[in-house]
Amino acid sequence: MKKNAVILAAGKSNRFAPFTYERPKGLFRVKNEVLIERQIEQLIEAGINEIFIVVGYMKEKFFYLEQKYPQVHLLVNNNFGTKGNLYSLYSAKDYLSDTFISYADYYFSKNPFLDNWNTDNHSYHACVYREGKFNGFSAYLSDANVITHVDLSGYNQMAMTGPAYFNSSFCTRFVDFLNKEINDFRVSSLFWEEFYERHITDLTLFAKEYKNDDILEFNTIDDLRQFDADFLMNVDSTIIGNIVNHFGCNPNEITDISVINAGLTNVSFVFTLKGTKYVYRHPGGNADNLINRQTEIFSQLKAVELGIDPSVIKISTDGWKLSYLVNNLAPVDFKKYPWQKKKCFEYLHAIHKVIPDETVKTFDIMNEGKRLIRLACATKGNLFGEFKDILDKLDKLDAYLKKDSAENGFPWVLSHGDVYEPNFLATKNGDLYLIDWEYSGINDPAHDINSILTRYYFSDEEIEEYYREYFGREMTGKERRHYYGQLPISSFYWLCWGLYKGSIGDDDGFFMLQAYRNIIRFIDKSIALFEN
């Protein structure tokens, strides 16, 4: 009998961010061995010479395995971000026959693929007994050690962890169910164990018990470091290297790593070093479509200099940033705490007075918005056609505004570019930080305050109040025309930003619809201000 193996390696493992922003978890080096390579070598030791690895996230990082191991064949699942691991198994369905099924991020202390005990060629799943409550698939067993029911959690019972083995008849039935149901509602989003549970009366799977320390599954970075104290020494991480090089510390001195934000342009995490908490920001894979790092550096350092964001320690052209963790935080709510809004306006006036150098990019909202639409069209169709009427009006308004800037004293200035409450940190001591300068650039001076007004609903009276407090007086007629005229343009950029994010499968922001509504609400009125 010729056996083979399928290793599922397509997922991202978000719990291991920030390191999974650099490489998939299956390629982590643990106890001086790469996790997936250790499994491959255990399979080869067991006589398995046909090993299929289903890859997706950062798939190119796995390409070398076909050269290193002639027994390895890669299969691609490009739907890893929207579907469950059942779909990865479906991607390998043509090769399922007397097959071991495993995950790339397991660490097996003993080789579980040496199954000479299985003389009857039963299908089985490795299990370990776990005390207390646990998350993960639990198994109920018959007296004959057959799995009779699977739950998503367990208590004082067998946990389904480690490899499974499907004999050829099991594979035939399993694939038959897959082919019939994979396109049914939500089926492709299941874990394969959930799909098996649906057909458990037709698919006999025995339990093979192992000791807890035979099969290791690391759920957090701390779990991994408890097993391998030198993990950070050997992780080959640019992130850790940057921290070590800046502070001159040992990697093992870095503790309490915890992700606080994972977004489109970066991932940020908190860590502790010698009793002090810091925040490290690592650039995301899509950042270059949105961010000019030289401009960000100039603006961020000016923010430090002006006391607008003194938390920053280091920022790099590569996109990474190191800051002190701001403690003793309080809610940011401009309506409830007027002092926060007042200080926000002080910050905007201060940054608008800064004279940019030659590294600072002009951030033309209309051009940048259209660039994002072009990128979004790849998955969302002809957005230029869909929004043609709006775009024609916005182009007309944009021309009026640029002429107005040149002729009536509204020169473009250094701007933050992304001003709204989530980009502020307030403390109980009365401090306010304006953070995240990634969208800064030389821009229309109205864009900063309008970035607040375009992403929420404000009544006409509330908008008037914002402008009055921003200027410290009633607006002149020219100011009113220009700032109200710019509202639909700012709204347009945040609409485009949401369209782009949605096009790459990311959260398109709570404000995309409101930005669109504000375009419709103000566009005709804004044009009329210039034409009447």
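A. The environment of E50, seen in detail. Position of E50 among the secondary structure elements: in the loop between α1 (35-45) and β4 (51-55). Its relative accessible area of 26% is what places E50 among the partly exposed residues. Each C-alpha atom, one on E50 and one on C377, is 41 Å from the other, the two residues being 327 residues apart in sequence.

B. Representation of helix α14 (residues 446-453) in the model. Within α14, eight of the eight residues are buried, which leaves it mostly tucked inside the rest of the structure. Within α14, the full set of buried residues consists of A446, H447, D448, I449, N450, S451, I452 and L453.

C. Broad picture of helix α17 (residues 512-531). Its 20 residues place the ends of α17 28 Å apart at the C-alpha level, agreeing with the 28 Å of an ideal helix rising 1.5 Å per residue. At F522, α17 is bent by approximately 40°, the largest bend along its length. Residues of α17 that are buried include every one of M512, Q514, A515, N518, I519, R521, F522, I523, S526, I527 and F530, and no others. Looking at the buried side of α17, the elements it contacts are α13 (388-407), α14, α15 (460-471) and α16 (477-503).

D. Region of the structure containing the pattern of salt bridges. According to the stated counting rule, one finds 29 salt bridges in the structure shown. Between D115 and K3 there is a salt bridge, and its shortest N-O distance comes to 3.2 Å. Residue D115 is located in the loop between β7 (106-108) and β8 (124-141), and its partner K3 is located in the segment before β1 (4-9); the two are separated by 112 residues in the primary sequence. Under the relative-accessibility criterion, D115 is labelled buried at 8%. Judged by its relative accessible area of 18%, K3 is buried. Members of the salt-bridge network, linked through shared partners, are R281, R293, E296 and E438.

E. Spotlight on the sheet that holds strand β10 (residues 206-210). One open sheet accounts for seven strands, arranged β5-β4-β1-β6-β9-β8-β10; its pairing is mixed. Single-partner strands in this sheet number two, and they are β5 (72-76) and β10. Adjacent strand axes in the sheet meet at a mean angle of 35°, parallel and antiparallel pairs treated alike. Where β1 meets β4, five bridges bridge the pair, whose relative direction is parallel. Paired with A5 across the strands is I51, a residue of β4.

F. View of the sheet that holds strand β19 (residues 424-427). Spatially, three strands are ordered β17-β19-β20 in an open sheet, and the strand pairing comes out antiparallel. A strand with exactly one partner marks an edge of an open sheet, and here the two such strands are β17 (329-330) and β20 (432-434). Seen against the sheet, helix α10 (residues 338-352) touches β19 and β20 and runs at an angle of roughly 45° to β20.

G. Highlighting the packing of aromatic side chains. Applying the stated criterion across every chain, the model contains 52 aromatic pairs. Arranged with centres 5.9 Å apart and planes meeting at 80°, the rings of W494 and F511 form a pair that is edge-to-face. Of the two residues, W494 sits in helix α16 while F511 sits in the loop between α16 and α17, which places them 17 residues apart along the sequence. By relative accessible area, W494 is classed as buried at 1%. Directly above the ring of Y165 sits K3, whose terminal nitrogen or CZ lies 4.7 Å from the centroid.

H. Geometry of the packing of α13 against α17. In contact at an axis separation of 10 Å, α13 and α17 are set at 50° when each is read in the N-to-C sense. By the criterion of interaxial angle, the relationship of α13 to α17 is oblique. Viewed along their axes, α13 and α17 form a crossing whose handedness is left-handed. Within the contact between the two elements, α13 uses I390, K393, L394, K396, L397, Y400, L401 and D404 and α17 uses Y516, I519, I520, I523, D524, S526, I527, F530 and E531. Residues of the contact of α13 with α17, tallied by class, amount to eleven nonpolar, one polar and five charged.

About the cut-offs
- Residues numbered from 1 in each chain as written.
- Predicted model: local features only at pLDDT ≥ 70, side-chain atom pairs only at ≥ 80, totals over all residues.
- Heavy atoms only, no water.
- Helix = DSSP H or I, 4+ residues; strand = E, 2+ residues; numbered from the N terminus.
- Buried < 20%, exposed > 50% of the residue type's maximum accessible area, 1.4 Å probe, protein only.
- Expected span 1.5 Å × (residues − 1).
- Bend = angle between axes of the 7 residues up to and from the residue.
- Contact = heavy atoms within 4.5 Å.
- Salt bridge = Lys/Arg side-chain N within 4 Å of Asp/Glu carboxyl O.
- Pairing = 2+ DSSP bridges.
- Axes fitted to C-alpha atoms, helices over the stretch in contact; angles between N-to-C directions.
- Phe/Tyr/Trp six-rings, centres within 6.5 Å; stacked < 30°, edge-to-face > 60°.
- Lys NZ or Arg CZ within 6 Å of the ring centre and 35° of its normal.
- Parallel < 35°, antiparallel > 145°, perpendicular 65-115°, else oblique.
- Left-handed = near helix turned anticlockwise from the far one by under 90°.
- Nonpolar A, V, L, I, M, F, W, Y, C, P; charged D, E, K, R; others polar.

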